Amino acid sequence: MRYDRCKKLFGKFEHLQTLNVLICGVGGVGGYALDCLYRSGVKNITIVDFDTFDITNQNRQIGSEFLGEKKVEVLARLYPGVTPIDMKLTPQNIENLDLEKYDIVIDAIDDLNAKIALILKAYPKIVSSMGAAKRIEPTKIRIDSIWKTQNDPFAKKIRDRLKKENFKGDFKAVFSLEKPIPCDMGSFVGVTGAFGFALCSEVLKDFV
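The structure displayed is predicted, hence computed values, not measured ones.

A. View of the layout of surface pockets. Of the volumes computed, that of the largest pocket is approximately 1,200 Å³. Lining the largest pocket are 42 residues; nearest its centre among them are Arg60, Ala108, Ile109, Asp110 and Asp111. The leading source of residues in the lining of the largest pocket is helix 6 (residues 153–164), at three residues. The class makeup of the residues in the lining of the largest pocket is 15 nonpolar, 13 polar and 14 charged.

See the structure below:
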């Protein structure tokens, strides 16, 4: 059976059949979160993104062989049953998103303003990815409170902005203890993919 080995591992596998997940951003991190959830038995997944696949995505993104095509459209073909939303994730668009029907929101976007808007809108049902670029060591990846993230300049910006917004809550963040390598736009699928798998794992642990 398709999910037989998952059923043996997860004590409450049936919960995944009704779990409703929204993934915001399906690039090098979000695409692997989608793959992990889909293969683990989650039936109700909605993905939001606006980008098209570019040749520079081919080192790390699922579906990137379909150059020039919309990411959400390609992934909806590769993962039948997934609901695609072709939308640019801006603070205004995020404010208009109806999040009530989702049990959990996965934040895999890298725009700072949009990320803050999504956290404030989706909290407390959110798990968020910090900076996965410029790193090569997947064993340094951690899942912890947003307030305990370390060695991540992007996470520091998130924390600083949340403080300015008087945000008093807490949520899980995926980050790396590895200091970013000084380079321009460097990325490695061994880390970006592992970030996506870590996001998926955190969701599964919460529900099964």
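There's more to say after this.
B. Geometry of the side chain of Arg159. If you trace the backbone, Arg159 turns up in helix 6. Despite its burial, Arg159 remains without a salt bridge, the nearest opposite charge being carried by Asp160 at 5.7 Å. The contacts of Arg159, once residues within four sequence positions are left out, are Ile146, Trp147 and Thr149.

C. Seen up close, the nonpolar core. Among the nonpolar cores identified, the biggest contains 38 residues, and Ile23, Leu37, Ile45, Ile47 and Ile106 are the most heavily contacted of them. For this core, the secondary structure elements donating two or more residues are strand 1 (20–24), helix 2 (30–39), strand 2 (44–49), helix 3 (71–78), strand 4 (104–107) and helix 7 (189–207). In terms of residue count, helix 7 provides more of this core than any other element does, seven residues in total. Once you skip the residues sitting within four places of it in the chain, Ile47 turns out to touch Ile23, Val26, Leu34, Val72, Leu75, Val82, Thr83, Pro84 and Ile85. Counting residues in each nonpolar core, the second largest holds 28 residues, with Cys24, Met87, Leu97 and Ile119 among its members.

D. Examining helix 3 more closely. Buried residues of helix 3: Lys71, Val72, Val74, Leu75 and Ala76, and no others. Those residues of helix 3 that are buried are in contact with helix 2, strand 2 and strand 3 (83–86).

E. How the structure looks around the environment of Lys121. Inspection of the secondary structure assignment puts Lys121 in helix 5 (residues 112–122). Apart from the residues lying within four places of it in its own chain, the contact partners of Lys121 are Ile94, Glu95, Leu97 and Leu99.

F. Here's a closer look at the sheet that holds strand 1. Ordered by their spatial adjacency, seven strands build an open sheet running 3-2-1-4-5-7-6, and the pairing between neighbours is mixed. Each of the sheet's edge strands pairs with one partner strand only, and the pair in question is strand 3 and strand 6 (141–145). The sheet shows a mean angle of 20° between the axes of neighbouring strands, taken without regard to direction. Helix 5 contacts strand 1, strand 4 and strand 5 (126–129) of the sheet and is inclined by roughly 160° relative to strand 5.

Here is what the cut-offs are and how they apply
Residues numbered from 1 in each chain as written. Predicted model: local features only at pLDDT ≥ 70, side-chain atom pairs only at ≥ 80, totals over all residues. Heavy atoms only, no water. 1 Å grid on protein atoms, 1.4 Å probe; cavity = no way out; pocket = protein on both sides within 12 Å on 5 of 7 lines; lining within 4 Å. Points joined across faces, edges and corners; volume = space filled by probe spheres on them. Helix = DSSP H or I, 4+ residues; strand = E, 2+ residues; numbered from the N terminus. Nonpolar A, V, L, I, M, F, W, Y, C, P; charged D, E, K, R; others polar. Buried < 20%, exposed > 50% of the residue type's maximum accessible area, 1.4 Å probe, protein only. Lys, Arg positive; Asp, Glu negative; His and termini not counted. Salt bridge = Lys/Arg side-chain N within 4 Å of Asp/Glu carboxyl O. Contact = heavy atoms within 4.5 Å. Core = buried A, V, L, I, M, F, W, Y, C linked by side-chain atoms within 4.5 Å. Pairing = 2+ DSSP bridges. Axes fitted to C-alpha atoms, helices over the stretch in contact; angles between N-to-C directions.

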